[in-house]
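Report on the structure
Read off the chains here:
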Amino acid sequence: MEYLDLAPYEYSEFPIPMLSIGWLGREHGIQRLGSDPSTATSLTRVKTSSRRLGSLTLGMHLCEFCPDGHEFTGNGEYRYYAQGGEVFAAPMMITHYIEDHQYCPPAQFVNSLAGLDELEWDWRAEILSKILRDPEQDLHFRCEAIVDLANWVDVRAFNALMGAARDEELADVTGLEIGISFGSLMSRGFTAHGLDAIPSHIKYAIDHYEELI
Ligand SMILES: [Zn+2]
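Residues numbered from 1 in each chain as written. Predicted model: local features only at pLDDT ≥ 70, side-chain atom pairs only at ≥ 80, totals over all residues. Heavy atoms only, no water.

1. Section: the overall build of the protein chain
- Within the protein chain one finds nine helices and six strands.
- Since a compact globule built from 213 residues should have a radius of gyration of about 17 Å, the 18 Å found for the protein chain is in line with a globular shape.
- Projecting the C-alpha coordinates of the protein chain onto the three principal axes gives extents of approximately 50 × 35 × 30 Å.
- Within the span of the protein chain, comprising 213 residues, buried residues form 51% of the whole.
- The long-range share in the protein chain, meaning contacts at least 24 apart out of those at least 6 apart in sequence, stands at 65%.
- Carbon and sulfur atoms make up 50% of the accessible area of the protein chain, which amounts to about 10,600 Å² in all.
- Put simply, the protein chain has 15 plus and 33 minus side-chain charges, and the middle of one group is 6 Å from the middle of the other. (Helix = DSSP H or I, 4+ residues; strand = E, 2+ residues; numbered from the N terminus. Rg over C-alpha atoms; globule rule 2.2 N^0.38 Å. Buried < 20%, exposed > 50% of the residue type's maximum accessible area, 1.4 Å probe, protein only. Contact = heavy atoms within 4.5 Å. Areas by Shrake-Rupley, 256 points an atom, 1.4 Å probe, with all protein chains shown as cover. Lys, Arg positive; Asp, Glu negative; His and termini not counted. Charge placed at Lys NZ, Arg CZ, Asp CG, Glu CD.)

2. Digging into the domain arrangement of the protein chain
- Along its sequence, the protein chain is carved into domain 1 (19-118) and domain 2 (123-212).
- For domain 1 and domain 2, the distance between their C-alpha centroids amounts to 26 Å.
- Contact residues are listed per partner, giving 13 residues for domain 1 and 15 residues for domain 2.
- At the boundary of domain 1 with domain 2, total buried surface from both sides reaches about 1,000 Å², with 38% on carbon and sulfur atoms.
- Considering only the side of domain 1, the residues that lose the most area to domain 2 are Arg52, Arg79 and Tyr81, jointly responsible for 59% of the buried surface there.
- Inspection of the region where domain 1 meets domain 2 yields three salt bridges. (Domains from an automatic or database assignment. Buried area = accessible area lost by both parts, 1.4 Å probe. Salt bridge = Lys/Arg side-chain N within 4 Å of Asp/Glu carboxyl O.)

3. Concerning the coordination of the zinc ion
- At this site the zinc ion is bound by Cys63 (SG), Cys66 (SG), His96 (NE2) and His101 (NE2), with donor distances of 2.0 to 2.2 Å.
- One way to put it: the four donor atoms around the zinc ion meet at angles of 100 to 119°, and that makes the site tetrahedral.
- The sequence pattern describing where the donors of the zinc ion fall on their chain is C-x2-C-x29-H-x4-H. (Donors = N, O, S within 2.8 Å, 3.2 Å for Na, K, Ca; no water. Tetrahedral: all angles 85-135°; square planar, octahedral: opposite > 155°, others 65-115°.)

4. Some words on the pairing of strand 5 (residues 77-81)
- Most of strand 5 sits out of view: five of its five residues are buried.
- Taking every second residue as pointing to the same face, both faces of strand 5 are buried, with Glu77, Arg79 and Tyr81 on one and Tyr78 and Tyr80 on the other.
- Examined bridge by bridge, strand 2 (residues 53-54) and strand 5 share two bridges and lie antiparallel to one another. Opposite Gly54, over in strand 5, you have Glu77 as the bridge partner.
- In terms of strand pairing, strand 5 meets strand 6 (residues 87-91) through five bridges, oriented antiparallel. Bridged to Tyr78 within strand 6 is Ala90.
- Linkage of strand 5 to strand 6, two consecutive antiparallel strands, is achieved through a turn of five residues, within which Gly85 is found at a positive phi near 105°. (Pairing = 2+ DSSP bridges.)

5. Examining helix 6 (residues 155-166)
- The first and last C-alpha atoms of helix 6 sit 16 Å apart over 12 residues, in line with the 16 Å expected at 1.5 Å per residue.
- Ala157, Phe158, Ala160, Leu161, Met162, Ala164 and Ala165 are the residues of helix 6 that are buried.
- Of the surrounding secondary structure, the elements contacted by the buried residues of helix 6 are helix 4 (123-133), helix 5 (139-149), helix 7 (168-187) and helix 8 (200-207).
- Among the residues of helix 6, the N-terminal cap falls to Asp154, whose side-chain oxygen and the backbone nitrogen of Arg156 are separated by 2.7 Å. (Expected span 1.5 Å × (residues − 1). Polar contact = N/O pair within 3.5 Å; in protein donor to acceptor, adjacent residues only side chain to side chain.)

6. As for helix 1 (residues 39-49)
- Residues Thr39, Ser42, Leu43, Val46 and Ser49 constitute the buried set of helix 1. Seen along its axis, helix 1 keeps its buried residues to an arc of 145°; they face one direction. Structural note: helix 1 exposes Ala40 and Thr48 on the side pointing more than 90 degrees away from its buried face.
- At its buried positions, helix 1 is contacted by strand 5, helix 2 (94-101) and helix 3 (107-112). (Arc of directions from axis to C-beta.)

7. Quick word on the environment of Gln31
- You can see Gln31 is positioned in the loop between strand 1 (19-20) and helix 1.
- Judged by its relative accessible area of 6%, Gln31 is buried.
- Residues Gln31 and Leu4, 27 residues apart in the sequence, show an inter-C-alpha distance of 7.8 Å.
- Those residues in contact with Gln31, other than ones at most four positions away along the chain, are Tyr3, Leu4, Asp5, Trp23, Leu24, Tyr103 and Cys104.
- A distance of 2.8 Å separates the side chain of Gln31 from the backbone nitrogen of Asp5, its partner in a polar contact.

Now the structure itself:
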């Protein structure tokens, strides 16, 4: 699947509008190939901001630019919630494209990565929280909401995750992601209460979240 950078994301359904980044292919080739003299800075910023994959069920992508015999494949996507309200979605291979094929992500995207850690609760968090709390919602969306709510170090994110942890059916399927999200919030200073009563596989994921993320 190939999209121009900053085009509306259409790769799969998602409840929040997103912009495509790094969905490279043969038609457009490596977008802005080597055009940024600060590619090393871009790479560092993108690498440190690409912490957690979502949508692992999307299937494998094959890099179309690696020479024969050096196949590189990736699965899942990174989503970046910018302070300005944009959400960018990039394939797992974005760092490979920058590092090995001189792909240069657009400045609008790279510049937005600076504020990812200081998100205030907003309409995007509200949508994700609503989806997670709604048992009628698609399980895939609920799971992605569990992953993405950890972007907000906020008691409302914690409470929505707690609801998921107490939902036996949901916790069975998504316990690992719930635990990683709890671990991620706590690693950024959130003081959690009430975790004694949650299932043990979620506790395990909290304790090992750095290896699991
Ligand atoms: Zn490659």
